[in-house]
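Chain by chain, the residues run as shown.
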Amino acid sequence: MNLRGTVRADRPLVVLAVGEEARYLPPDLPVLLTGMGKVNAASAVAAVLAAGPRPSLLLNLGTAGALRPGWVGIHEVATVLQHDLDTELLRSLTGETYGAPLALTTEGAVLATGDTFVADDAARDRLARRADLVDMEGYAVAWAAARAGVPCRLVKQVSDEAGEGAARTWRESVDACARDLAEWAGRHLA
């Protein structure tokens, strides 16, 4: 976890997984780098929110794999779900709901979050039945924000096609993705 800047109640806190994605963000924005994966993201966000003050908004910017052909560019997430947690099985065992999808807004993409970097065609095709994009932190950020009562937005830049070669494609595209995300932040956070 790495917090750059000062969290203030009158400003959003921008949350990203890694420095490569935050490279071009304006230096005056408070930025939290959580590290990759759901545990890192949830624990980093929870720690910052518990320490206070709470920001006006948690804005999770980052890269995501496209699960459907033709998906490119930047997408706001309407719903986020965990693809690596069997919510239905857990409900049948316990009668409790764990990891239900989170609705963030009425229009936008469906994001599947899990602790696996999806880089094979079969996994991508399975996930495409439920979601448009895939990442490794979005659900955890949204969950921690909801628990703390802080508004949250997820905005993802497509970096790869979540199939064979995705790791190579992410490495090749992350710099351009970071530029696009910084431009988006400049337009929407001004």
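This structure is a prediction, so every number in the text was calculated from the model and none was measured.

Caption draft 1: Fine view of the pattern of salt bridges. In the structure shown here, the tally under the stated rule is 11 salt bridges. Two residues, Lys38 and Asp84, come together in a salt bridge whose shortest N-O distance is 2.6 Å. One end of the pair, Lys38, is in helix H2 (residues 38–51); the other, Asp84, is in the loop between strand S5 (74–82) and helix H3 (87–94), with 46 residues separating them in the sequence. In this structure, a network of salt bridges that share partners links the residues Arg23, Asp175 and Arg179.

Caption draft 2: Representation of the pairing of strand S9 (residues 152–160) in the model. Counted residue by residue, S9 has 8 buried out of 9 residues, so it is predominantly covered. Summarising the sheet, strand S4 (residues 57–66) and S9 pair through 8 bridges and their orientation is parallel. What sits directly across from Leu59, in S9, is Arg153.

Caption draft 3: Quick peek at the packing of aromatic side chains. Under the counting rule described, the total for this entry stands at 0 aromatic pairs. Looking at Arg179, its charged tip hangs above the ring of Tyr24, at a distance of 4.1 Å from the centre.

Caption draft 4: Region of the structure containing the nonpolar core. Counting 30 residues, the largest nonpolar core has Val45, Leu58 and Val80 as the members making the most contacts within it. Elements represented by at least two residues in this core include exactly strand S2 (12–16), H2, S4, S5, strand S7 (109–113), helix H5 (138–148) and S9. Among the elements that make up this core, the one with the highest residue count is H5 (7 residues). Setting aside residues up to four positions removed in sequence, Leu58 forms contacts with Leu13, Val15, Val45, Leu49, Val141, Ala145, Val150, Pro151, Cys152 and Arg153. Counting residues in each nonpolar core, the second largest holds 15 residues, with Leu16, Leu181, Trp184 and Ala185 among its members.

Scoring rules and cut-offs
- Throughout, residues of each chain are indexed from 1 in the direction in which the sequence is written.
- Local features are withheld for residues below a pLDDT of 70 in this predicted model, meaning they are given only at 70 or higher, and side-chain atom pairs are given and counted only at 80 or more; totals for whole chains, interfaces and linings count all residues.
- Excluding hydrogens and water, the side-chain figures rest on all heavy atoms present in the structure.
- Just to be clear on terms, a salt bridge is a Lys or Arg side-chain nitrogen sitting within 4 Å of an Asp or Glu carboxyl oxygen.
- Runs of E in the DSSP output that reach at least two residues are strands. Runs of H or I that reach at least four are helices, and both are numbered from the N terminus.
- Note on classification: 1.4 Å probe, protein chains only; a residue is buried when its accessible area is under 20% of the maximum for its type, exposed when over 50%, partly exposed between these limits.
- Here the rule is simple: two strands pair whenever DSSP picks up at least two bridges between them.
- Each aromatic pair joins two rings of Phe, Tyr and Trp (for Trp, the six-membered one) with centres within 6.5 Å, and gets the label stacked for planes under 30 degrees apart, edge-to-face for over 60, and tilted for any other angle.
- Any Lys NZ or Arg CZ found within 6 Å of a ring centre and within 35 degrees of that ring's normal is scored as a charge over the ring.
- Only buried residues count toward a nonpolar core, which is a set of Ala, Val, Leu, Ile, Met, Phe, Trp, Tyr and Cys residues joined through side-chain atoms within 4.5 Å.
- Contacts are residue-level and defined by heavy atoms, with any inter-residue pair within 4.5 Å sufficient.

All quantities given are derived from atomic positions and should not be read as evidence of function.
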